[in-house]
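The primary structure of each chain is shown beneath.
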Amino acid sequence: ASVTDVSKMMIQNLGEEAAVMAAREMAEDFQVVNCDEDLGNVKEASIAWAVALCRELFYTVITDLLRKHPINSLDEDGKPFWAGTRRAPTPLKYSAGKNITDEEKKINECIIDFVRYAARLRIESYIETDKTVAISSDITIEEARLALQIEVDPKDEADQSQSVIEVISHKLNEARRFARQIQNELNIASFEKDDDSNGHVAFVTAASNLRAIAYGITPVDAMETRRIAGRIVPAMITTTALVSALSCIELVKLIQSAPLRSYRNAFVNLALPFFAFTAPLPAEKISGLHGNTHTIWDRIVIKESEKSSEKGGITLRRLIRQIKKKALDEAIEVSNISFGPYMLYANFLHGDNDNVLDKSVFELMTEAILSSDEDFELENSDDDGENMAPEKLSEVQQNEVNALRHRSFLDFSVLAEDPETGEEAELPSVRLVFFKRATT
């Protein structure tokens, strides 16, 4: 796949904002310099990276959040958004002036420490330990202060005039170029709270204090950071091990097809300590037609045959016939078939329309995506949907159609009706599994 195709796929799966951020991070993570040529370049690049990271985390992200939810904004219920447990954050920036307040001095100190120790960790990931000692300790307060005074917005200026796809493609190309230059494996840094010389606790202290100041929380010193980290790390490991073990026990019961009364929900708090186990309730029964019931876990599975696949795909007529057969109730009438916001079939509109009934499900889904209306209705005409030229598709429509071609199954919502009483009820979710051809 081309870089443009990957960019479109990222937008479809992540959304525009998240896709751009992911592309930027990939380009940044693969930005490896040749450490054997000039160690000074590594240091300079690492400091610039740390400055950009600090601005992104403690200024840009917070500013974007406040732009989306201003101080006096209301939530969906008409109540103040920043109320109760929600604290409105304050964007933090380095103050370069001489006449600054004590609070600004504290913020400056934390920002300088963040830049110094973040840059050091970055350097140590590129350079072997014996080379790092001489260079990482050389990141002085003055160097960090100078870098902060000349900082620039980390977002590319070109981003403002480029489309989203162009920005993502540009960053992916950068990532690919940087990845080809990787010569050595990066060094892994394991957190060690009891060694002051490695700068680990100093970095965590600076980062957590900046976060605390942004939300009006009192910052702490390195000793308190070390104490909290000493409690969190073993607690996380112990809790993870306990949850994993409990999950595995329940999985064994599932494999053995144990009755529902054998399963247990677990409520655990190791800090108290508190352990409680309860038996799960059965899934809620959903009423169907003729006294039938089902749960949200039930599903009607219909597999497309090879013969249907060779003819262009299973038709709507055959799908309806298979639904009635699988539902074990030939007396019912399928009244509605929908996929998400798209209505593919309604018996009062298409019950006698051979043109619609003889179309493949894939073709109907494509026409539904190409429709401008959310509730898709097929008109009673001989139009087979092929008159819409691909060049007229919007980018979003094209992405949806491409994604549909790669789906191995589709889940439909189906309503059934009793022709005699007029009673209507929803069937279990109907999954259509497409025939998978062997690739060569």
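The structure presented is a predicted model; accordingly, all values stated were derived computationally and were not measured.

What counts, and at which threshold
- Residues numbered from 1 in each chain as written.
- Predicted model: local features only at pLDDT ≥ 70, side-chain atom pairs only at ≥ 80, totals over all residues.
- Heavy atoms only, no water.
- pLDDT = per-residue confidence, 0-100.
- Helix = DSSP H or I, 4+ residues; strand = E, 2+ residues; numbered from the N terminus.
- Contact = heavy atoms within 4.5 Å.
- Phe/Tyr/Trp six-rings, centres within 6.5 Å; stacked < 30°, edge-to-face > 60°.
- Buried < 20%, exposed > 50% of the residue type's maximum accessible area, 1.4 Å probe, protein only.
- Expected span 1.5 Å × (residues − 1).
- Core = buried A, V, L, I, M, F, W, Y, C linked by side-chain atoms within 4.5 Å.
- Axes fitted to C-alpha atoms, helices over the stretch in contact; angles between N-to-C directions.
- Parallel < 35°, antiparallel > 145°, perpendicular 65-115°, else oblique.
- Left-handed = near helix turned anticlockwise from the far one by under 90°.
- Nonpolar A, V, L, I, M, F, W, Y, C, P; charged D, E, K, R; others polar.

**Quick look at the confidence of the model for the protein chain**
Piece 1. Overall, the predicted model of the protein chain reaches an average pLDDT of 81, with 83% of residues at or above 70.
Piece 2. For the protein chain, per-element mean pLDDT is lowest for helix α5 (residues 129–136), which scores 51, and highest for helix α8 (residues 200–214), which scores 93.
Piece 3. Scored below 50 in pLDDT, residues 152–159 makes 12 contacts in the model with residues more than four places away or belonging to other chains.

**Describing the packing of aromatic side chains**
By convention here, two paired aromatic rings are described through the distance between centres and the angle between planes.
Piece 1. For the coordinates displayed, the defined rule picks out four aromatic pairs.
Piece 2. Considering the side-chain rings of phenylalanine 58 and phenylalanine 114, the 5.5 Å spacing of their centres and the 90° angle between planes classify their relative orientation as edge-to-face. Placement of phenylalanine 58 in helix α3 (residues 39–68) and of phenylalanine 114 in helix α4 (residues 102–126) is noted, with a sequence separation of 56 residues between them. This pair shows no difference in class: phenylalanine 58 is buried, exactly as phenylalanine 114 is.

**Some details on α8**
Piece 1. With 15 residues, α8 should cover 21 Å at 1.5 Å per step; its first-to-last C-alpha distance of 22 Å lies within 8% of that length.
Piece 2. Among the residues trailing α8, glycine 216 stands out with phi positive, at a value near 70°.

**Side note on the nonpolar core**
Piece 1. Counting 35 residues, the largest nonpolar core has Leu316, Leu319, Ile323, Ile337 and Phe412 as its most contacted members.
Piece 2. By residue number, the principal contributor to this core is helix α14 (residues 361–370), which donates six residues.
Piece 3. Apart from residues no more than four positions distant in its own chain, phenylalanine 412 is found in contact with Ile337, Ser338, Phe339, Leu344, Val361, Met365, Ser429, Val430 and Leu432.
Piece 4. If you look at the next biggest cluster of nonpolar residues, it comprises 34 residues, including Phe81, Cys110, Ala118 and Ile123.

**Side note on the packing of α14 against helix α15 (residues 395–405)**
Piece 1. Between α14 and α15, whose axes approach to 9 Å, the crossing angle comes to 160°. Here α14 lies roughly antiparallel to α15, going by the angle between them. In terms of crossing hand, the pair formed by α14 and α15 is right-handed. Along the contact surface, α14 presents Phe362, Met365, Thr366, Ile369 and Leu370, while α15 presents Gln397, Glu400, Val401, Leu404 and Arg405.
Piece 2. Grouping the amino acids of the contact of α14 with α15 by side-chain chemistry returns six nonpolar, two polar and two charged.

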